[in-house]
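# Descriptive analysis of the structure
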Amino acid sequence: MDNGEEVHDERESMIIRRDQLSFKNIFRSFSFPRQRQPFSDYAFGYSFTAPKSGTTGGRYCRSIRSHFCTPLTLITMKILLQVATPLKWLGLVVEFLLNLISLNGGILGLIWRLMTVRVKFPRRGTAEFRSVLAFVDDRVELDGKRSLNNYFTPLMELKDHGGLGDINIFDLTMMAAKISYENAEYIKNVVNNHWKMHFVRFYDCWNKFLESNGTQAFIFCDKKEDADLIVLAFRGTEPFNAYDWSTDVDLSVIHAGKLGYLHLGFLKALGLQHEEIFDLGFPEHLKIDKPAKKPAAYYVLRADLSDLLAAHRKAKIIVTGHSLGGALATIFPAILSFHRDTGCAGAVLSSLAGVMTYGQPRVGDETFKAYFESLMQGKLYVRMVYRFDLVSRIPFDDYDEDNRLSPFTHCGKCIFYNGWYHAKVLEEAPEPNSIDLVTAVPRMYLSVWTDLFNALFALRFNEGREFEEGPWLILFRLLGGHVFPGGAFHSPRDYVNATRLAKLDQRSSALLRSSKTMAEINLLKEIN
């Protein structure tokens, strides 16, 4: 810095200041490669070189430069922030109207009740109140008939470990991820009365930087006494929450020591306390008030899981989530490992059986990928992607040594589903960035129509009425697929269908020969 040269330090972190985003500054980022400016030259950009562990100083740096994906990301974030309030109110109105119609027996029933002055009004927070996603897919019962369990050694060991019977772990975790979008009473009713399991607690956690309760999760056990299985499910990206979508596409990163670079927005959602220095962001211990007024997700979940393990000594833990929830499910055990010398973190990590995510965005760089895959040796990590699901392809994977702006990559192998629920095990899903106007976008639109045909005819007649799709979902496919390309493939319903109708492609075996995890070795043996 003193001699005028740019710092190129492995510990550089980069933050996009949302409050400083303007279309004028975004326009400046449309620069030719040879004219790329340091990211910190923009009003919205802040790059920072973290100090070595145990110190509190740091230095401003300029070596992270803008790239072609920068303006695309920033425009998306700016638009989302501009529409955040009207989008929130639109969601409230849509959910109220859908529940009002449903509660009164449909549109004709509502008209009759209006005429007879006997209208029932929905109340948020009750077991009867549903989100938009629950109208898109109202299934709440578990399915144990079809399963990929037998392909994965850790799942077989888990089933042999206790009295899990014929539980389809894939279906259970995806259904848990699906109902995590609902309110606490709805979730409690489904877990206790439909699944005949034991609901433990719903969490509404504080995001220090958004200054709001922006992270939701819940925990349940397979039974109330002497449980064999504990499931932690994180809520994902809510359809009408612009801040959730903005977090998904955000390129902000922080250097997390041996964990590598991690997505800053996801860390904030888990309870990060300091956005520049990871050691200060996630100290080993954080005081938790009883009752916690502003609970930090990582710490309160870690404490409750530790207490549950003390009560259920032979239980194993599975962490799951759809969309943003999948990202949090992936980072959570990594932070546990970072604190593994802490009693409760080590106990929770040692009881972790696996992480199962559906449509999750990218969370870290190649260093994190190697760290996480090593951490999950002997455990289960399943990352599922349905067709052109856009969320699973963000933030953009566009890293190079000159760019260093978007270092994100996925961990593990991907179980990729096409439109007929045939699965392939791949290193990465096709069209990893979904921004190719010549190939990816036209294929997205074509796939919307093949999915629509599948929904209207093939699924109902080939698989039964359980898979029949109603008018709300058909409307969702039409609007979501054409207005927001890639959005229609992110529906939890398709992931539930995938867990129940999965047909594994045997040709995928060649891609598993380099695998080091017991789960994938067993899969190779099974399909050969």
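Computed from a predicted model, the values in this text were never measured in an experiment. Within every chain, residues take consecutive numbers counted from 1 along the sequence as written. Residues qualify for local features only when their pLDDT is at least 70, as the model is predicted, and side-chain atom pairs are given and counted only at 80 or more; totals for whole chains, interfaces and linings, by contrast, use all residues. Computation of side-chain values covers all heavy atoms of the structure but excludes hydrogens and water.

Another point: the overall build of the chain. Only DSSP runs of H or I with at least four residues qualify as helices, and only runs of E with at least two residues qualify as strands; both kinds are numbered from the N terminus onward. A tally of regular secondary structure across the chain gives 19 helices and 14 strands. In the chain, of all internal contacts separated by at least 6 residues, the share reaching a separation of at least 24 is 72%. Note that accessible areas follow from Shrake-Rupley with a 1.4 Å probe, and for residues the cover is restricted to the protein chains shown. Counting only carbon and sulfur atoms, one obtains 56% of the accessible surface of the chain, whose full area is about 22700 Å². In this analysis, two residues are considered to be in contact whenever any of their non-hydrogen atoms come within 4.5 Å of each other.

Now for the environment of glutamate 185. Within the fold, glutamate 185 resides in helix H8 (residues 184-194). When the C-alpha atoms of glutamate 185 and phenylalanine 129 are compared, they prove to be 8.9 Å apart, with 56 residues separating the residues in sequence. Not counting residues within four places of it along the chain, the set of residues in contact with glutamate 185 comprises Gly125, Thr126 and Ala127.

When the UniProt feature table is mapped to this numbering, "transmembrane region" (unreviewed entry) covers residues 96-115. Helix makes up 90% of residues 96-115 and strand 0%. Its end C-alpha atoms lie 20 Å apart. UniProt positions are given in the numbering used here, feature names are shortened, and annotations may be inferred rather than shown by experiment.

The topology assignment puts histidine 263 in strand E8 (residues 261-263). We define a polar contact as two N or O atoms separated by no more than 3.5 Å, with the added condition that, inside protein, one atom must be a possible hydrogen donor and the other a possible acceptor, whereas residues neighbouring each other in sequence contribute only through side-chain atom pairs. Within the local environment of histidine 263, its side chain forms a polar contact with the backbone nitrogen of glycine 265, the two atoms lying 3.1 Å apart. Every residue in contact with histidine 263, bar those within four places of it in the chain, is listed here: Thr247, Asp248, Asp250, Ser252, Arg362, Val363, Pro395 and Phe408.

Before going further, it helps to examine helix H7 (residues 169-179). Within H7, eleven of the eleven residues are buried, leaving the element largely enclosed by the surrounding structure. Relative accessibility under 20% of the residue-type maximum defines a buried residue, over 50% an exposed one, and the middle range a partly exposed one, all with a 1.4 Å probe and only protein chains included. Taken residue by residue, H7 has Ile169, Phe170, Asp171, Leu172, Thr173, Met174, Met175, Ala176, Ala177, Lys178 and Ile179 as its buried positions. Where H7 begins, the side chain of asparagine 168 points an oxygen toward the backbone nitrogen of phenylalanine 170, at a separation of 3.1 Å.

Working definition: the strands of a sheet are paired by backbone hydrogen bonds and lie parallel or antiparallel to each other. Two strands pair if DSSP finds at least two bridges between them. Pairing is mixed in the open sheet, where nine strands are placed in the order E4-E5-E6-E9-E10-E11-E12-E13-E14. Because the sheet does not close on itself, it has two edges, and the strands there are strand E4 (198-207) and strand E14 (503-504). Relative to strand E5 (residues 212-221), E4 is paired through nine bridges, and the arrangement is antiparallel. Across the sheet, residue tryptophan 206 finds its bridge partner in E5, namely asparagine 213. Packing against the sheet, helix H13 (residues 324-338) makes contact with E5, strand E6 (229-234), strand E9 (316-322), strand E10 (352-358) and strand E11 (380-386), and its axis sits at approximately 145° to E9. The strands touched by helix H18 (residues 492-501) are E9, E10, E11, strand E12 (414-417) and E14; relative to E11, the strand with the most contacts, the crossing angle is about 120°. Axis definition: a line fit to C-alpha positions, over the contact stretch in the case of helices; interaxial angles, taken between N-to-C directions, run 0 to 180 degrees.

Let us look at the packing of aromatic side chains. Pairing of aromatic side chains here covers Phe, Tyr and the six-membered ring of Trp, requires ring centres within 6.5 Å, and sorts the geometry by plane angle: under 30 degrees stacked, over 60 edge-to-face, intermediate tilted. Following the criterion strictly, the structure yields 16 aromatic pairs and no others. Between phenylalanine 368 and phenylalanine 372 the ring centres are 5.8 Å apart and the planes differ by 25°, which places this aromatic pair in the stacked class. Of this pair, phenylalanine 368 and phenylalanine 372 are both found in helix H15 (residues 366-375), four residues apart, which corresponds to roughly one turn of the helix. Phenylalanine 372 carries the same exposure label as phenylalanine 368, and that label is buried. Every member of this aromatic cluster is reached through a ring pair, and the members are Phe234, Phe278, Phe282, Tyr298, Tyr299, Phe332 and Phe338. Here the basic side chain of arginine 130 rests over the ring of phenylalanine 135, its NZ or CZ set 4.0 Å away from the ring centre. Cation over ring: lysine 268 sits above phenylalanine 209, and NZ or CZ is 4.7 Å from the ring centre. Lysine NZ or arginine CZ positioned within 6 Å of the ring centre and within 35 degrees of the ring normal marks a charge as sitting over the ring.

Let us look at the pattern of salt bridges. By convention in these notes, a salt bridge is any Lys or Arg side-chain nitrogen within 4 Å of a carboxyl oxygen on Asp or Glu. Throughout the structure, instances matching the rule amount to 13 salt bridges. Residues arginine 139 and aspartate 137 are paired through a salt bridge, measuring 2.9 Å at the closest nitrogen-oxygen approach. Residue class for arginine 139 comes out buried when judged on its relative accessible area of 9%. A single network of salt bridges, built from pairs that share partners, joins Lys223, Asp226, Asp228 and Lys314.

Moving on to the side chain of threonine 173. Looking at where threonine 173 falls in the secondary structure, it is placed in helix H7. Look at threonine 173 and you get buried, because its relative accessible area is 0%. For threonine 173, the contacting residues outside a window of four places in its chain are Ile318, Thr320, Met356 and Tyr358.

Turning our eyes to something else, we now look at a nonpolar patch on the surface. Within the patch definition used here, like charges are joined within 9 Å and nonpolar side chains (Val, Leu, Ile, Met, Phe, Trp, Tyr) within 5 Å, considering only residues with over 30% relative accessible area and no salt bridge. Side chains of Ile107, Leu108, Ile111, Trp112 and Met115 sit close together on the surface and give an oily, nonpolar patch of about 610 Å² of accessible area. Within the fold, isoleucine 111 resides in helix H4 (residues 106-115).

So, about the environment of aspartate 304. One can find aspartate 304 in helix H12 (residues 297-311). The class of aspartate 304 is buried, set by a relative accessible area of 15%. In this view, aspartate 304 contacts Arg201 and Tyr203; residues no more than four positions away in its chain are not counted. In terms of polar contacts, aspartate 304 uses its side chain to reach the side chain of arginine 201, at 2.8 Å.

With that out of the way, let us pick up unusual backbone geometry. A cis amide bond, omega -15°, links isoleucine 394 with the succeeding residue proline 395. For lysine 196, which is not glycine, the phi torsion reads 60° and is therefore positive. In this structure, serine 323 is a non-glycine residue whose phi angle is positive, near 65°. The topology assignment puts serine 323 in the loop between E9 and H13.

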